[in-house]
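So you can see what is in the structure, the chains are spelled out below.
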Amino acid sequence: MEFKNYIDGRWVESATARRFDTLNPATGQPIGTAPDSDERDIDAAVAAAAHAYRPWRLTPAPRRGEILYEIGRILRERKEDLSRFLTTEMGKVLPEARGDVQEAIDMAFYMAGEGRRLFGVTVPSELPNKFALAIRDSVGVVGVITPWNFPVAIPSWKVFPAIMAGNTVVFKPSGDTPGLATKFVEALIDAGLPPGVVNLVHGPGAAVGEALVSHPQVKVVSFTGSTHVGRQVAERAGRLNKKVHLEMGGKNAIIVLDDADLDLATEGILWSAFGTSGQRCTAASRVIVQRDVKDALTQRLVERASALRLGDGLLDTTDVGPIINQRQLTKIHSYTEIGRGEGAAVLTGGEVWANGGGFFYQPTIFDQVTPTMRVFQEEIFGPCTSLVSVDSFEEAIAANNSVQYGLSSSLYTRDVNKAFQAIRDFDTGLVYINHGTIGAEIQLPFGGTKGTGNGHREAGIAGIDVFTEWKSVYIDYSGRLQRAQIDTDKLTGAN
Ligand code: UN1
């Protein structure tokens, strides 16, 4: 398969004429190539998006929403094929690939509905015969930079609210999933999106991503990826006074108290730690457990984790799919070495699983971990979780909040008072009670505090904020000069 850039309504090659391979991570074999673009392609894409902006922003929002309904319908029609291709290019097991696509379908329908709301606010004026309201306006050309771990869902969280609100987009997907980005854009085109409204440029972050972030006509940048790169994006965009949305790393914990349903907690931990091979920002890579139930929980976890079957995500005998690429696999294993070096014990896993070409890592559980160890503090982004014992609920909350990230936390307990205390005291953007750390729904804000984000959220109503500017409007129908804050004696508009 030869994927292309999509600029101004046409599939085109890069100005570089170079291409790079995209691999199936379960086999290590190439499945296609994509353009290895540079800043010339970004310039062309931004020019197309800038040209398309005025007619698109003047298209009524309900009409823009109707295209999103059509996008949702097309994605639903293609769900099975797209999901199978998602497993092939990104690796996650097929049921999870279907979830990834479903999340984009949900977002299409949700944002389609927002096309008929896009609520602003009306407030009374302090002066008579004067009307005051605030409306949401579009911002302009939006740069969208997305990772490989949710290669259909995450682009939808950014592109759909952006275009619903009247912006146009230049989309730079991860170099690990160019095929999925292409199929995502195909659905938008087939739904009737006008040329130039969404443009796609493949290529490496260093050349293409930087050019996109630095381009003076790009007014908003929405980035999901590593904290390291996110900070670079923020610095660069900040100097140019752009709006920036960042969604970066996580180091999420599940707390299990001594009154918890341990079987339920075991299910939640396995799903959150090893689902998507731990390659979610929301993955549970820490388990903080009260000492009295530590042994019972550990035994359940080790027994179940060591029985998980690695393999090609298309096979229904596979529980855990591959790691995205060799670089990530090497990084994950380096954390096992770091953990061992710090004194952690590996209860299960801890090794690369060789299947002759693919990139696999055994589900891994570290024990005898303390909150200051690197495996407890740093994001691994692989199927690895660390067990820490605590003596009290307060100690558990302190350990949960001790990391530099703030995305997701979870508490297993049967005590409703402790549940509400956790909701009050967890310092993360997402809180789960008696449910693991993964599986956010699109109708609520998604994002994190501290090193995870920069104050913005995706999804839900909050997901529109970064793609809109408030415009406050005053309409004075008194027919005379009225001065706010000064003419306070004008008490009635009756005459
Ligand atoms: C991510 O890990 O980058 O809540 C996104 C979840 C998914 C999204 C994860 N709905 O786990």
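Basis of the calculations
- Going along each chain's sequence as written, the residues are numbered from 1 onward.
- Whole-chain, interface and lining totals are the exception, using all residues; otherwise, since this is a predicted model, local features are given only for residues with pLDDT of at least 70 and side-chain atom pairs are given and counted only at 80 or more.
- Hydrogens and water molecules were not included; the side-chain quantities draw on all heavy atoms of the structure.
- A run of DSSP states H or I qualifies as a helix once it reaches four residues; a run of E qualifies as a strand once it reaches two. Both are numbered from the N-terminal end.
- We call a residue buried when its accessible area falls under 20% of the maximum for its residue type, exposed when it is over 50%, and partly exposed in between, using a 1.4 Å probe and counting protein chains only.
- By definition, residues are in contact when any of their heavy atoms lie within 4.5 Å.
- Exposure was quantified through the Shrake-Rupley algorithm and a 1.4 Å probe, taking into account, for residues, occlusion by the shown protein chains and nothing else.
- Counting rule applied: Lys, Arg positive; Asp, Glu negative; His and chain ends not counted.
- Charge coordinates come from a single atom per side chain, which is NZ of Lys, CZ of Arg, CG of Asp or CD of Glu.
- In plain words, nonpolar cores are sets of buried Ala, Val, Leu, Ile, Met, Phe, Trp, Tyr and Cys residues tied together by side-chain atoms within 4.5 Å.
- Boundaries of every domain are those given by an automatic assignment or by a domain database.
- Stacked, edge-to-face and tilted are the three classes for Phe, Tyr and Trp ring pairs, Trp counted by its six-membered ring, which pair at centre distances within 6.5 Å; planes under 30 degrees apart are stacked, over 60 edge-to-face, the rest tilted.
- In this scheme, Lys NZ or Arg CZ marks a charge over a ring once it lies within 6 Å of the ring centre and within 35 degrees of the ring normal.
- We call a residue near a given molecule or strand whenever any one of its heavy atoms falls within 4 Å of it.
- Counting of polar contacts relies on pairs of N or O atoms within 3.5 Å, with two restrictions inside protein: one atom must be capable of donating a hydrogen and the other of accepting it, and residues adjacent in sequence are counted only when both atoms are side-chain atoms.
- When residue character is reported, Ala, Val, Leu, Ile, Met, Phe, Trp, Tyr, Cys and Pro are called nonpolar, Asp, Glu, Lys and Arg charged, and the others, Gly included, polar.
- Residue count minus one, scaled by 1.5 Å, sets the expected span of a helix.
- Interaxial angle, 0 to 180 degrees, is taken between N-to-C directions of lines fitted to C-alpha atoms, where a helix line uses only the stretch in contact.
- Here the angle decides the label: under 35 degrees means roughly parallel, over 145 means roughly antiparallel, 65 to 115 means roughly perpendicular, and every other value means oblique.
- In this scheme, a crossing is called left-handed if the near helix is turned counterclockwise away from the far one by less than a right angle; it is called right-handed if the turn is clockwise.
- Any Lys or Arg side-chain nitrogen located within 4 Å of an Asp or Glu carboxyl oxygen qualifies as a salt bridge.
- Here the term patch refers to residues with relative accessible area over 30% and no salt bridge, with like charges joined within 9 Å and nonpolar side chains (Val, Leu, Ile, Met, Phe, Trp, Tyr) within 5 Å.

Student: Help me get a handle on the overall build of the protein, residues and values and all.
Tutor: Scanning the protein from N- to C-terminus turns up 14 helices and 23 strands. Structurally, the protein occupies a C-alpha span of about 80 × 60 × 40 Å along its principal axes. Counting all 495 residues of the protein, 57% fall into the buried class. In the protein, the proportion of contacts linking residues at least 24 apart, taken out of those at least 6 apart, comes to 73%. Roughly 19700 Å² of accessible area belongs to the protein as shown, and the carbon and sulfur atoms make up 52% of that amount. Each charge class in the protein was averaged separately, 50 positive and 58 negative side chains, and the resulting centres sit 6 Å apart.

Student: Quick one: what's the story with the nonpolar core, residue by residue and with numbers?
Tutor: In this structure, Ile71, Val159, Phe160, Ile163 and Val169 are the most contacted members of the largest nonpolar core, which totals 68 residues. Ranked by residue count, the leading element in this core is helix α4 (residues 94-114), at 10 residues. Mapped onto the domain boundaries, this core takes at least three residues apiece from domain 1 (5-248 + 453-473) and domain 2 (252-433). Excluding anything up to four places from it in sequence, Val169 contacts Ala49, Val142, Val144, Val159, Ala162, Ile163, Val197, Val198 and Asn199. Among the nonpolar cores identified, the runner-up in size contains 27 residues, and Leu329, Ala344, Val375 and Phe376 belong to it.

Student: Any details on the packing of aromatic side chains? Residues and values, ideally.
Tutor: In total, this model carries 8 aromatic pairs according to the counting rule given. Between Trp353 and Phe360, the aromatic rings sit 5.1 Å apart at their centres with planes inclined by 90°, giving edge-to-face as the arrangement. Since its relative accessible area comes to 0%, Phe360 is described here as buried. Taken together, Phe160, Phe171 and Phe184 form an aromatic cluster joined through their ring pairs. Geometry around Trp271 places Arg280 over its ring, the cationic atom sitting 5.4 Å from the centre. Sitting above the plane of the Phe376 ring, Arg286 keeps its charged end 4.6 Å from the centroid.

Student: Would you mind going over the site of the ligand in detail, with residue names and values included?
Tutor: Around the ligand, the surrounding shell consists of Glu103, Asn149, Phe150, Ile154, Trp157, Arg280, Cys281, Thr282, Ile438, Gly439, Ala440 and Phe446. Within the side chain of Glu103, an N or O atom sits 3.0 Å from a nitrogen atom of the ligand. About the coverage of the ligand: the protein hides 98% of its 320 Å² of free accessible area. Here the residues of the shell around the ligand sort into 7 nonpolar, 3 polar and 2 charged.

Student: Which residues make up helix α3 (residues 79-90), and what are the values?
Tutor: Helix length check: α3, at 12 residues, gives a terminal C-alpha distance of 16 Å against a target of 16 Å (1.5 Å per residue), a fit within 8%. Every buried residue of α3 is accounted for by Leu82, Ser83, Phe85, Leu86, Thr87, Thr88, Glu89 and Met90. Along its buried surface, α3 packs onto β3 (19-24), β4 (29-35), α2 (61-77), α4 and α6 (178-190). Among the residues trailing α3, Gly91 stands out with phi positive, at a value near 110°.

Student: Account for the packing of α4 against helix α5 (residues 153-164), with residues named and values stated.
Tutor: Packing of α4 against α5 leaves a shortest axis separation of 8 Å and a crossing angle of 10°. As summarised for this structure, α4 and α5 are arranged roughly parallel, according to the angle between their axes. When the axes of α4 and α5 are compared, the crossing they make is right-handed. Between α4 and α5, the residues in contact are Asp100, Glu103, Ala104, Met107, Ala108, Met111 and Glu114 and Ala153, Ser156, Trp157, Phe160, Pro161 and Met164, respectively.

Student: Could you give an account of the side chain of Arg64, with specific residues and numbers?
Tutor: As for its placement among the helices and strands, Arg64 is situated in helix α2. It turns out Arg64 is buried and unbridged, and the closest side chain with the opposite charge, Asp137, is 7.6 Å from it. Not counting chain neighbours up to four residues away, the residues in contact with Arg64 comprise Trp56, Arg57, Thr59, Leu118, Ile163, Met164, Ala165 and Gly166.

Student: I'd like to hear about a nonpolar patch on the surface, residue by residue, with values.
Tutor: On the surface, Val416, Phe420, Ile423 and Val431 cluster together to form a nonpolar patch covering roughly 360 Å² of accessible area. Along the chain, Phe420 falls in helix α14 (residues 416-425). On the basis of relative accessible area, Phe420 is assigned to the exposed category, the value being 56%.

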